[in-house]
Every structure is written in C-alpha cells, then in structure tokens.
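# Understanding the architecture of this molecule
Next come the chains, spelled out residue by residue.
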Amino acid sequence: MLKDILLLLMSFFDKKQGVIEDKDKHGIDWSDPNAKISKYFTVNESLYLPSWGISHIPSAEEKIEILKLAKIMDIIRERIGKAIVVHVWMRPISVNCPGHERHGENYNLFIGSKSLRSGHIFGKAVDFHVSGEEDFPKVRKQIEPWLESLEIRMEDNAGKWVHLDTLPVGNKRFFKP
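Residues numbered from 1 in each chain as written. Predicted model: local features only at pLDDT ≥ 70, side-chain atom pairs only at ≥ 80, totals over all residues. Heavy atoms only, no water.

### A word on the pattern of salt bridges
Throughout the structure, instances matching the rule amount to six salt bridges. Of the charged contacts, one joins Lys39 and Glu78 as a salt bridge, the two residues approaching to 2.9 Å between their closest N and O atoms. With Lys39 in the loop between β2 (19–20) and α2 (43–47) and Glu78 in helix α3 (residues 60–80), the pair connects residues that are 39 residues apart, well separated along the chain. When its relative accessible area of 53% is taken as the criterion, Lys39 is described as exposed. (Salt bridge = Lys/Arg side-chain N within 4 Å of Asp/Glu carboxyl O. Helix = DSSP H or I, 4+ residues; strand = E, 2+ residues; numbered from the N terminus. Buried < 20%, exposed > 50% of the residue type's maximum accessible area, 1.4 Å probe, protein only.)

Listed below in structure tokens is the structure:
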C-alpha cells in the first residue's frame, strides 16, 4: 500500500517545478470526473463507486489497466454501434479516497464479492449494459465472437449486465463466475 501511495505521489510530482500536476503522462486529469480516458469513456465511469457515491483515486498500475480496458471498450462500443452504460469498473479492496470515512475500506467485499482475484479490484473488469438494449443474452452473443481477438473474457451470467475483463484465460473466454 505504501508503494501505491508513493507511486501516486510520484505520478503527480513535477521534479522540475516542484508542483503537483493534475495530468498524468497520458494527458488525463484523473481528478476531473468528466475527463476522457478514451474516445467514449470518462474518469468517472472508471472510478466511481456507486454504492458509496465516491470515486477511487487509482494507483499508477490501476491507471494502466483501466486505460488498456478502455481501448478495448471503445472497440466494442464502435462494433455495437450504441452507447455503453457502465455499472462499475473499479471495486478496490482498499479504497483510496483520503479524508473520506470510507478511505481504506474494502468496496469489493461491501458489494458482496469475497473474491481476491476479481478483475474489478485491479481495474481489469467492467460491468455494463448497452443503451436501449434489454436482451442481455443477445448482447453477450454479439460480443462472444470478438473475445479471442480482443484478448478478453466474458462472464456467462443471467444478470442484467455484461461483464468483460482482461484477466488471463483459464479454460474458456466465456466463463461461469
């Protein structure tokens, strides 16, 4: 955890001027909820913890994973041709939100997941639905042929959302949680 805090501070510290910078090396202002992290997705969509109404401040490693998945989500958004509504991206096991009463708490456990390997913990997973589409099996069926080429996995679930992640493939890309 100390390493993450140091990396976060280092990512904002400008050694030349000795000031805190708002933007990272990708030009993203992670403190601005409306800042774009990709063509279609924002900081808020990737960091907002809906059950608590706060945003997580990501580590340098989490930012890398979020950006990697955002590029893939842009491709899916373009192939589907409709807006994607993110339910949740990050579910950290130690929320980084200094000064807030929930700082350091386990959001992943709070929402009911006991998994310590969930892609959501690391910024490697996103749950979403396609705007105007209520046939979730149809959406999953549409995405399934793209899983291998996009190097992603998808949960085979009965929920009213689609789960995609960039975790390593075990036995199948389309898997039961």
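From this point, things continue past the structure.
### Notes on the sheet that holds strand β9 (residues 174–175)
Spatially, five strands are ordered β5-β6-β8-β7-β9 in an open sheet, and the strand pairing comes out mixed. Among the strands making up the open sheet, the edge pair consists of β5 (84–88) and β9. The pairing of strand β7 (residues 153–155) with strand β8 (residues 162–165) spans two bridges and is classified as antiparallel. Counterpart to Met154 in the pairing with β8 is Leu164. (Pairing = 2+ DSSP bridges.)

### Side note on the nonpolar core
Within the largest apolar cluster, 31 residues are counted, with the highest numbers of intra-cluster contacts made by Ile37, Met73, Ile76, Trp89, Phe128, Ile143 and Leu164. Looking at this core element by element, the count peaks at eight residues for α3. Once residues lying within four places of it in the same chain are set aside, the contact partners of Ile37 are Ile28, Trp30, Thr42, Val43, Ser46, Ile66, Leu67, Ala70 and Trp89. Trp52, Ile54, Val88 and Cys97 belong to the second-largest nonpolar core, a separate cluster that totals seven residues. (Core = buried A, V, L, I, M, F, W, Y, C linked by side-chain atoms within 4.5 Å. Contact = heavy atoms within 4.5 Å.)

### Thoughts on the confidence of the model for the protein chain
A residue-level look at the protein chain finds 88% of positions with pLDDT of 70 or above and a mean pLDDT of 88. Throughout residues 1–21 the model reports pLDDT below 50, and contacts reaching past four residues in sequence, or to other chains, amount to 21 contacts. (pLDDT = per-residue confidence, 0-100.)

### A look at the packing of aromatic side chains
Working definition: an aromatic ring pair is given by the centre-to-centre distance plus the angle between the planes. Under the defined criterion, the tally for this structure stands at four aromatic pairs. When the ring of Phe41 is compared with that of Trp89, the centres are 6.0 Å apart and the planes differ by 75°; the resulting orientation is edge-to-face. Of this pair, Phe41 sits in the loop between β2 and α2 while Trp89 is found in the loop between β5 and α4 (107–110), placing the two residues 48 residues apart along the sequence. Here the two residues Phe41 and Trp89 agree in accessibility, since each one is buried. Over the aromatic face of Trp146 sits the side chain of Arg79, whose NZ or CZ is 5.2 Å from the ring centroid. (Phe/Tyr/Trp six-rings, centres within 6.5 Å; stacked < 30°, edge-to-face > 60°. Lys NZ or Arg CZ within 6 Å of the ring centre and 35° of its normal.)

### Focus: the pairing of strand β6 (residues 125–130)
Where burial is concerned, most of β6 is hidden: five out of the six residues are buried. The pairing of β6 with β8 spans four bridges and is classified as antiparallel. Residue Val126 lies in a different strand from β8, and its bridge partner there is Leu164.

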